[in-house]
Structure formats: C-alpha cells, structure tokens
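# Chain and residue survey
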Amino acid sequence: MRKSLTCRMGFSPDGLSGANVRSWWVRKLILLGVLLSVLSQGCRTQQARPWLGVHLGMSSDRQAAALTGVVGQIADLGINVIIVEINYGFEYQSHPELRSPNPCTKEQIGKLVAECRKHHVRLIPQFQCLGHQSWSRNTAPLLTKYPQFDETPGLYPENKGIYCRSWCPLNPEVNPVIFSLMDELIDAFGADALHVGMDEVFLIGEDACPRCKGKDKGELFAKAVNDYHKHLVDEKHVEMLMWSDRLIDSSKLKFGKWEGSENGTASAINLIPKDIIMCDWHYELRPAYESVPMFLEHGFRVWPASWKKPEAAKAFVDYSLTLRSNPRMLGHLNTTWGAVPIRDLPKFEPLLIATSSFKPQPAAATK
Ligand SMILES: [Zn+2]
C-alpha cells in the first residue's frame, strides 16, 4: 500500500532507512504544508481581488482601435475590467436599421477582445436601456425608427423641455428588439456580463402613455429591471450590471435628483434580484457616500464609480476602502464621459488615484 501511495505521489525514499527515512518524510510533509499554504493564499487573493474598472463610450472602429492600443498600459496600472458603452454603435445584423453611423465592426471588436484576454482584463459591453434614448436634439435610433416605442410619443418636438427620451417599459414589442441587440453584443464580445445602464430615467409612468399612465413608477422601473434580468441572467447566463441612481431614495439619503431618485422609482430596490451589480456613481466631493452601505445592507454587490474630479474620486475611494471588509464592495469604477481622450487613459488622474489606492499595502515594518 505504501509503495503504491508513494509511487502515485512521486515520492521515492529508495536507498534510505531508519532515521534517514523519518527525516525524509518530515521534509516532504513540511514541503507539502508549505505548498498547500501557498495554494490557499493564492485562492484567497484571487477571491479578494478588487474590481478596478474604467467605463467609456465606444461607438466606432476608431474608438475601439484607440482603446485596444491602451489596454496593456491600463492593465499594467491595475485595471482589470473595462465597460464599453456601445449602445447602437455596432454593426447589428438582426436590426441593421438600428445601427448608428460608422458603427464598430465585429472584426475590430474581436481585436479588442483578444487584447483584453491577453492582459487578463474582463471586457463588458453596455447597452443603455429604458432612459437616455435621446441626447439634446438627437433621438437615438430605436425611437427614431420605432416612434411608437416612445413613452411620450409625439410630445416634446426636438426634445425641447426634457432631459432624455425613454422607451415604454410596458410596450410588449420593445424587448424582443433590444434582446436581439443584447444577444449580438454578448456573442461579439464573448461576454460573461452586460451593463444595462438605466441611469437618470426621468420620463416613466407618463400620462402620455396609455399603458403606463397612473401606474406606480417604482413598479414600472422594477418590471424593466426584472425583464432584462430574466433575459440576461436566467436565459443567457451572464451577469447584469446597472447604474444605481434610480434606486436611491433622495428623501432618505441627501443626493440630488440626478444621482438619487426624486421621481418615485426608488421603491424598486425591494422588487429586484440581489445578484445585480450596482454601479453607484457619485462625482462630487462629500464627507460620506451613504448609498454604498445602503446597497450593501440590501444585499447587493456595489461598485462605486467616480468621474473627473481627482479630489472627489479620492474621497469616494477612501470612503469605499473603509467598507473593504465586506466582500460585496467590489472595488472602484472610473467613468470618463469624454473628460479624457482614450489614448490618455493611462494618465487620467482619478484612474491613477483609484488603482494605486487599491494596491496591496506592504506589510508594516517591525521595529
Ligand atoms: Zn409606457
């Protein structure tokens, strides 16, 4: 039995006897113990590795190529997740009428995917859902091609008097269209997660919509979240991320109407699955960022997100680090929103603050 065991383990004390054999076994056991300890520490390090991310818009091959060119540099800084908000900027085959001008090609996305894999960076596409279907006078392709999907059809010509258009969460014809687009993105990116956006939805449950008029806005928002979750998590088996501002009740936490909700959507927080990752964006300097512990207490994973002000980013990072013992506080996400050219991402100060703050600290010197 022993011989069989030692042979399988590759140990062979042939030629040794008595005290030498005992010594041989002691050394082997110590070696085995050290090996197990190193493996165990490696697993713990892997589990505790913070998510250090950057978010940027990408809707053309030119932008995709520029990003591909800096993946290695930002990975060297510690970035291990990239969120690319692509929306209609992809050469969709299922609905070519919804492509924006000069969209990203599958070929260029493939090059970006390969570069991210080479540098162990998780690449997650984003498709902005529900709100943000227009910007200034420009309406995005979905509501241009299918104006009947609009929550406020025919109202607000040239988008005057509103922030952004929304699609109707109760129109049964919308989801089959956008799920086709999501599926194409998941395929093209080989993605294991998708970010659905959903920030700053102001038009919801509007009187102009015969389906939504008079309905509870929290329930309407939750229905949209649950529809996307069912498709992405239950059916496509990928993770789902979203911006979290519509779930923060501004009457309880003092955030303004942009980074918190004053329009009745916050009650949705109790109506949606806990495995959604909450991207909790706050761009101003504050003494505390109370939404982070609030989402943690609700059972969500939270990914705090800063923008271009270095002092605000540092304050948010430092605050988040006080909650680091909670494994559901994921790390930090640097948004960019055009504040930095893609080629200069490796020099973006808030990104340098976040990545250096989460680096493992050297052990304290002993006197
Ligand atoms: Zn509606």
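For the structure given in this document, a descriptive report is provided here. Since the model is a prediction, treat every value here as computed from it, not as a measurement.

## Quick look at the overall build of the protein
Counting its regular elements, the protein contains 10 helices and 10 strands. Per-residue burial for the protein yields a buried fraction of 39% across its 367 residues. Sequence separation of at least 24 residues holds for 73% of the intrachain contacts in the protein that already meet a minimum separation of 6.

## With respect to helix α4 (residues 106–118)
For α4, built from 13 residues, the straight-helix expectation of 18 Å at 1.5 Å per residue is met to within 8% by its first-to-last C-alpha distance of 18 Å. For α4, the full list of buried residues reads Gln108, Ile109, Leu112 and Cys116. For α4, the arc enclosing every buried residue in end-on projection is 100°, short of the 170-degree limit, so these residues lie on one face. In α4, the exposed positions angled more than 90 degrees off the buried face are occupied by Glu107 and Lys118. Here the buried face of α4 lies against α3 (61–77), β2 (81–85), β3 (122–129) and α6 (174–189). Once α4 ends, the next one or two residues include His120, with phi positive near 60°.

## Digging into the environment of Ile248
Residue position: Ile248 is located in the loop between β7 (239–243) and β8 (277–281). Expressed as a C-alpha distance, the spacing of Ile248 and Asp280, which sit 32 residues apart in the sequence, is 9.5 Å. Those residues in contact with Ile248 that lie beyond four places of it in its chain are Leu253, Phe255, Gly260, Ser261, Ala266 and Ser291.

## Remarks on helix α10 (residues 349–357)
Those residues of α10 not exposed but buried are Pro350, Leu351, Ile353, Ala354 and Thr355. Next to the buried residues of α10 lie β1 (51–57), α3, β9 (301–306), α9 (310–321) and β10 (331–335).

## Observations concerning the sheet that holds β7
Around the barrel, 8 strands lie side by side as β1-β2-β3-β6-β7-β8-β9-β10; this closed barrel has parallel pairing. Across this sheet, the average inter-strand angle for adjacent strands is 25°, counted without regard to direction. Lying over the sheet, α9 contacts β9 and β10, oriented at roughly 160° with respect to β9.

## Description of the pairing of β7
Among the 5 residues in β7, 4 count as buried, and that is most of the element. Where strand β6 (residues 193–197) lies against β7, 3 bridges are found, and the strand directions are parallel. Its bridge partner being in β7, His195 is matched across the sheet by Leu241. Read as a crossover between parallel neighbours, the route from β6 over helix α7 (residues 217–235) to β7 is right-handed. Pairing geometry for β7 and β8, over 3 bridges, is parallel. Note that in β8 the partner of Trp243 across the bridge is Cys279.

## Details of the packing of α9 against α10
Two elements in contact, α9 and α10, have axes separated by 9 Å at closest approach and are oriented at 20°. Judged by the inter-axis angle, α9 sits roughly parallel to α10. Both α9 and α10 take part in a crossing whose hand is right-handed. Here Pro310, Ala313, Lys314, Val317 and Leu321 of α9 lie close against α10, whose contacting residues are Glu349, Pro350, Ile353, Ala354 and Ser357. Classifying every residue of the contact of α9 with α10 by side-chain character gives 7 nonpolar, 1 polar and 2 charged.

## Considering the pairing of β9
With 6 of its 6 residues buried, β9 lies for the most part within the structure. Of the two faces of β9, the one carrying Arg301, Trp303 and Ala305 and the one carrying Val302, Pro304 and Ser306 are both buried. Summarising the sheet, β8 and β9 pair through 5 bridges and their orientation is parallel. Residue pairing across strands places Met278 opposite Val302, the latter belonging to β9. Viewed along the sheet, the connection from β8 through helix α8 (residues 291–297) into β9 turns out right-handed. Bridge count between β9 and β10: 2 bridges; the pairing is parallel.

## Focus: the environment of Ala188
Among the structural elements, Ala188 can be located in helix α6. Setting aside chain neighbours within four positions, we find Ala188 in contact with Phe90, Lys106 and Ile109.

## Notes on unusual backbone geometry
Even without a glycine there, the phi angle at Asn87 is positive, about 50°. With respect to the element layout, Asn87 can be found in the loop between β2 and α4. Located in the positive-phi region is Asn102, a residue other than glycine, with phi close to 50°. Counting through the fold element by element, Asn102 comes out in the loop between β2 and α4. Look at Asn102 and you get partly exposed, because 13 C-beta atoms sit within 10 Å.

Thresholds applied
- Residues numbered from 1 in each chain as written.
- Predicted model: local features only at pLDDT ≥ 70, side-chain atom pairs only at ≥ 80, totals over all residues.
- Helix = DSSP H or I, 4+ residues; strand = E, 2+ residues; numbered from the N terminus.
- Buried ≥ 20, exposed ≤ 12 C-beta atoms within 10 Å, placed from the backbone.
- Contact = placed C-beta atoms within 7 Å.
- Expected span 1.5 Å × (residues − 1).
- Arc of directions from axis to C-beta.
- Pairing = 2+ DSSP bridges.
- Axes fitted to C-alpha atoms, helices over the stretch in contact; angles between N-to-C directions.
- Right-handed = clockwise from strand over helix to strand, strands pointing away.
- Parallel < 35°, antiparallel > 145°, perpendicular 65-115°, else oblique.
- Left-handed = near helix turned anticlockwise from the far one by under 90°.
- Nonpolar A, V, L, I, M, F, W, Y, C, P; charged D, E, K, R; others polar.

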